[in-house]
Each structure stands twice: as C-alpha cells, then as structure tokens.
Amino acid sequence: MQDRYVEPQIPRQERQLLEASPLHRITDGQLLKAVSCTGFLERFRPETEQLEPEYRPIVNAHTEGYEMVREGHIQDRDGQEYGVRYARDLDNIGLTIHHADGTPIVHLKLRDREFDGTLEATSPHYLQTIGGVAEENIPYRSRFLGGTNWYYSGERDVPPHKSVEFSIVSSDPTKRLDSRLGMKGEALWVPAERLARFIDDPFAFIPFNNPTPSALNEWYTMWWQVANRGLRGKSIPFPGQTSENGFRGFFKHTVAEVSQLIGDLGYTHLSGVPTWQYVWSLNLANGFFPDHSDHHEQALSFFTALDEMQLPHPGRKRRESDRRVGHLDQKDPLRSWLAVLPFAMNAQPDFVPHLAIAPELSQGFDTIYQTMHAHLGQPDGSVRSYPLNPANNLWHSKEV
C-alpha cells in the first residue's frame, strides 16, 4: 500500500484564485483505513492495494469539472481483484473500490463546505441544470470541482459550523443485487439489470423533465416490483443499495475515523444530507442533529402523517388495526420506499398510472396510490413529500 500525500496539481491559469481544502492533508492510506471496518477486513486485504504512482488530471464528464485521479486495484481474500479509484479536487477527496463495471463496493467522499451557499460550491453541470446559471456566469473556481455531484449553492446551505460533508457506500461484492435479481428470471415484471439500477437510485429514474405516460408507468412498475414484495413480508433492499448487505460495522467505524481526521485539521462538525428515511433515522441514532429546526420539523411532520396511512396487505395476514405504516418496524426498508413515492407522484400529480402487469398484481398498487393521494394530497394538487429537493438540502451535523 502506498501512503503519501501528494499536493494536487490541478491545472489552472490563475493559481492564486484557487486554494485547495485542508482536507488534502488526509492521505490515501488514511482514507483506506477509514473504510477498513471489521466487515471490510473480513473480505479485503488492504496490503494488496496497488496504485498508479501519481495523480493525473481529468474532466469529469458528469459534473463537467476538473479533478485529479489515481487508480489501481486491490484483492479480496479469495484473490479476486477489484478496481480502486482515489479522486481529489479543490473541495473533495474520496476513495471508491468498485467492480469491473464501475459499480461501487465501498465509497467514501469528504467535501469541504466552506463555500456552501455561493456559486463557488457547485460544479458547472449542477449550476446549470439545478441553479439555472448561464454558462458565461459560472465561476472560474467551479470548474475545478469535478467531484461535487450535487447543488450546494442555496441560501440554506450556508453551514453554521466549520463542516465537512461525508457520503458513503458499503456493499458486499458477493451479494450483488443484479446477480440475485437475475436468478429470479421471469418472476420479475421488469429486466433484472434495470431494476437493480433503479434500486440504486430511484430518484434518477423519475422523469421530472419529460413526465410521459410511458416513463411514469415504468417508474411505478419498478417501484411496485420492490414495494409489493415488502408488503408481503419478504425481504427487500433499501433504496440506494447495490447489494443485499453492507459491511459489518461500516457506518460507525467510518464516522469515528473521519471525525478524528477532520477534527485534527480544525473542523468542528461532520455533516450529511440524509437522502432516504432510513439514513435520516440512522443519523439521529448516531449523534447527528439537524442544522435547521424548521426542516427537521417538516420531516417529522411528514413521517407522522405517513405513519397514519393505511396499507394494503396482499399475501400478509394482518389485523385491521395493524395496517398503518406506523406499525411497520422502524428498520423496515418499506418505510423508505413509501417515502420515495410522493416524489414521483409530484412529477405529474393528476396522472393515473396503468401498470403493464396482470390486474390481480396491480390491485394493491392502485389501492396504495389512491390512499397516498387521499392522505397526503395538498390543496394545489401536489402530494406532501419528504422535505428534500435540489433547492432545499436537508442537513444533519455531528460535532467532532
């Protein structure tokens, strides 16, 4: 394993305008140690990591910004090789261990929040697509944020502390969802590979910009493929998962390691945006607190309202009094899938879905869709949802 700090040589014409975050004092070896929880070490051999000798500049095709990357491979304890990628830009440092097709197994990214609330915190693609910033008005600094893959330039993004945002992924490579789903064959209503990508990021499949009937019906069909199984009492993944299980102890280990690293650099808080309901709950259970009390109250109010909603129960015997969402176990992934549904409904609130599956299979969906509309519908026709959107990041922070 090569562990040394390399000053990022980001290409720029006016170097004096651009100063890299203190996060760059964290070495590649320290990033690898930060993800090396008990479960990770049971599967991988960190000492087998082999990397390119130097970082090299690239343009991230997705964010349209420059970043520096250093790649290589690492072996698991069976001798299987996986890809390794370290990436750095002005604000971000990160590590990804991935399959040959790029699917992440382990991912850790740290992002300095110093510029949050200004245009200089967001990469070009997201300034244009979310912020509506014209090409000629994109700040020079933003072009060197290749790793910043979201919008952080809203007024409510200004951090109340000296903070670092973290984002993580933990997926056991022996239990890939696409492989497990592929074994189900004709039992699925949608192609296994596409369903696996949907589970990984259901938001990305919502056709906000072009909510055609076919696109909406496809989204609802994939959502129902997952939720229907959960309603029948069978195991389902959480949204955002790429395998059936993560690594044992990953969250607590990584949070503790990262907290120590950034605390030594003078940061006071570790921050995150809980995309899913289970992450929201996980954060609160591990010492994170909301940055904004009004956002927190909106989330609590939404979850309380969702808990009162009645569920259909195909294949699962329930007493009538037990059919509320609130009677689901707090760790049940179905809770997060139910919380995702209103986002898709708001893409076209007056749309009536027609799933291309047998009527007896879609009956439960029709019931839950109508119940959601009736229970969470707003006077303007929209559906009440978890208070997270591109212009309103929901921040949690933990003192380090």
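Residues numbered from 1 in each chain as written. Predicted model: local features only at pLDDT ≥ 70, side-chain atom pairs only at ≥ 80, totals over all residues. Heavy atoms only, no water.

Colleague: Got a minute to help me understand the overall build of the protein in this structure?
Modeller: Along the protein, the regular secondary structure elements total 11 helices and 10 strands. Compactness check: the protein gives a C-alpha radius of gyration of 22 Å against a globular reference of 21 Å for 400 residues, within 12% of the reference. Reported as C-alpha extents along the three principal axes, the dimensions of the protein are approximately 60 × 50 × 40 Å. Taking all 400 residues of the protein together, 51% fall into the buried category. In the protein, the share of contacts with a sequence separation of at least 24, taken over all contacts with a separation of at least 6, comes to 71%. Summed over all atoms, the accessible surface of the protein reaches about 18100 Å², with 49% contributed by carbon and sulfur. If the 40 positive side-chain charges of the protein are averaged to one point and the 52 negative ones to another, these points end up 6 Å apart. (Helix = DSSP H or I, 4+ residues; strand = E, 2+ residues; numbered from the N terminus. Rg over C-alpha atoms; globule rule 2.2 N^0.38 Å. Buried < 20%, exposed > 50% of the residue type's maximum accessible area, 1.4 Å probe, protein only. Contact = heavy atoms within 4.5 Å. Areas by Shrake-Rupley, 256 points an atom, 1.4 Å probe, with all protein chains shown as cover. Lys, Arg positive; Asp, Glu negative; His and termini not counted. Charge placed at Lys NZ, Arg CZ, Asp CG, Glu CD.)

Colleague: I keep staring at the environment of Arg-113 and nothing clicks. Help me out?
Modeller: Looking at the element boundaries, Arg-113 is found in the loop between β6 (104-112) and α3 (124-129). In the structure, Arg-113 is positioned 176 residues away from Phe-289 in sequence and 17 Å away in space, judged by C-alpha atoms. Excluding its chain neighbours within four sequence positions, the residues that come into contact with Arg-113 are Asp-157, Val-158, Pro-159, Ser-163, Val-164, Glu-165, Ser-271, Asp-291, Trp-395 and Ser-397.

Colleague: Explain the packing of helix α5 (residues 192-200) against helix α6 (residues 213-231) to me, please; I cannot follow it from the model alone.
Modeller: A pair of packed helices is captured by two measures, namely the crossing angle of their axes and the spacing between those axes. Axis separation between α5 and α6 bottoms out at 10 Å; the angle between their running directions is 85°. The pairing of α5 with α6 is recorded here as roughly perpendicular in orientation. Packed against α5, whose contacting residues are Arg-194, Leu-195, Phe-198 and Ile-199, the element α6 presents Glu-218, Trp-219, Met-222, Trp-223, Gln-225 and Val-226 at the interface. (Axes fitted to C-alpha atoms, helices over the stretch in contact; angles between N-to-C directions. Parallel < 35°, antiparallel > 145°, perpendicular 65-115°, else oblique.)

Colleague: Mind showing me how you'd approach unusual backbone geometry here?
Modeller: Residues apart from glycine generally show negative phi values, whereas peptide bonds are mostly found in trans. Its identity as a non-glycine residue notwithstanding, Glu-64 has a phi of 70°, on the positive side. Residue Glu-64 is classed as partly exposed on the basis of its relative accessible area, which comes to 38%.

Colleague: Would you take a moment to explain the side chain of Gln-241 for this structure?
Modeller: Counting through the fold element by element, Gln-241 comes out in the loop between α6 and α7 (250-264). Within polar-contact distance, the side chain of Gln-241 engages the backbone nitrogen of Phe-238 at 2.6 Å. One polar contact links the side chain of Gln-241 to the main-chain carbonyl oxygen of Ser-243, over a distance of 2.7 Å. Here Gln-241 is in contact with Leu-177, Ile-199 and Asp-200, once residues within four sequence places are set aside. (Polar contact = N/O pair within 3.5 Å; in protein donor to acceptor, adjacent residues only side chain to side chain.)

Colleague: Whenever I open this one, the pattern of salt bridges confuses me. Can you help?
Modeller: Evaluation of the coordinates by the stated rule reveals 23 salt bridges. Two residues, Glu-47 and Arg-45, come together in a salt bridge whose shortest N-O distance is 3.3 Å. By relative accessible area, Arg-45 is classed as partly exposed at 28%. Taking the shortest distance from any N to any O, the salt bridge between Glu-71 and Arg-56 comes out at 2.3 Å. Residue Glu-71 is found in strand β3 (residues 66-76), and its partner Arg-56 is found in strand β2 (residues 56-59); the two are separated by 15 residues along the sequence. What emerges from the salt-bridge pattern is a single network uniting Glu-52, Arg-56, Glu-67, Glu-71 and Arg-85. (Salt bridge = Lys/Arg side-chain N within 4 Å of Asp/Glu carboxyl O.)

Colleague: Please clarify how the packing of helix α8 (residues 277-285) against helix α9 (residues 293-307) should be interpreted in this entry.
Modeller: Remark: α8 packs on α9, axes separated minimally by 13 Å, with the N-to-C direction vectors making an angle of 120°. With respect to their mutual orientation, α8 and α9 come out oblique. In the crossing of α8 with α9, the sense of the turn from one axis to the other is left-handed. Taken together, the residues of α9 that come into contact with α8 (itself represented by Gln-277, Trp-280 and Leu-284) are His-296, Ala-299, Leu-300 and Phe-303. Residue classes in the contact of α8 with α9 are distributed as five nonpolar, two polar and no charged. (Left-handed = near helix turned anticlockwise from the far one by under 90°. Nonpolar A, V, L, I, M, F, W, Y, C, P; charged D, E, K, R; others polar.)

Colleague: Please clarify how the pairing of strand β7 (residues 163-170) should be interpreted in this entry.
Modeller: Note on strand geometry: in a regular strand, side chains alternate between the two faces of the sheet. Bridge count for β6 against β7 is seven bridges, and the pairing is antiparallel. Each residue of the ladder has a partner; that of Asp-112, found in β7, is Val-164. Taken together, the three bridges between β7 and strand β8 (residues 269-272) define a ladder with parallel strand orientation. By the bridge assignment for β8, Glu-165 is matched with Ser-271. (Pairing = 2+ DSSP bridges.)

Colleague: Explain α9 to me, please; I cannot follow it from the model alone.
Modeller: Along an α-helix, residues three or four positions apart point the same way, because every turn accommodates 3.6 residues. Its 15 residues give α9 an end-to-end C-alpha distance of 21 Å, which sits within 8% of 21 Å, the value for a rise of 1.5 Å per residue. His-295, His-296, Ala-299, Phe-302, Phe-303, Ala-305, Leu-306 and Asp-307 are the residues of α9 that are buried. (Expected span 1.5 Å × (residues − 1).)

Colleague: Help me understand the nonpolar core in this model?
Modeller: One broad trend across soluble globular proteins is that nonpolar side chains are buried collectively. Membership of the largest hydrophobic core comes to 58 residues, with the highest contact counts inside it found for Trp-219, Tyr-220 and Trp-223. Among the elements of the structure, α4 (177-182), α5, α6, α9, α10 (333-345) and α11 (359-376) are those that each provide at least two residues to this core. Excluding its chain neighbours within four sequence positions, the residues that come into contact with Trp-219 are Phe-198, Pro-202, Phe-205, Ile-206, Val-340, Leu-341 and Ala-344. The next biggest cluster of nonpolar side chains, apart from the first, holds 36 residues, and it includes Cys-37, Val-84, Leu-108 and Val-258. (Core = buried A, V, L, I, M, F, W, Y, C linked by side-chain atoms within 4.5 Å.)

Colleague: Teacher, can you tell me more about the packing of aromatic side chains here?
Modeller: For any pair of aromatic rings, the description consists of the separation of the ring centres together with the inter-plane angle of the planes. The tally for this structure, following the rule as stated, stands at 26 aromatic pairs. The interplanar angle of 40° and the centroid separation of 5.9 Å between the aromatic rings of Tyr-152 and Trp-395 together place this pair among those described as tilted. With Tyr-152 in the loop between α3 and β7 and Trp-395 in the loop between α11 and β10 (396-399), this residue pair connects regions lying 243 residues apart in the sequence. Grouped by ring-pair contacts, the aromatic residues Phe-198, Phe-205, Trp-219, Tyr-220, Trp-223, Trp-224, Trp-337, Phe-365 and Tyr-369 constitute a single cluster. Above the ring of Tyr-152, the side-chain terminus of Arg-111 is found at 3.5 Å from the ring centroid. Over the ring of Trp-395 we find Arg-113, and its NZ or CZ is 3.5 Å from the ring centre. (Phe/Tyr/Trp six-rings, centres within 6.5 Å; stacked < 30°, edge-to-face > 60°. Lys NZ or Arg CZ within 6 Å of the ring centre and 35° of its normal.)

Everything listed here is a matter of geometry and, on its own, says nothing about what the molecule does.
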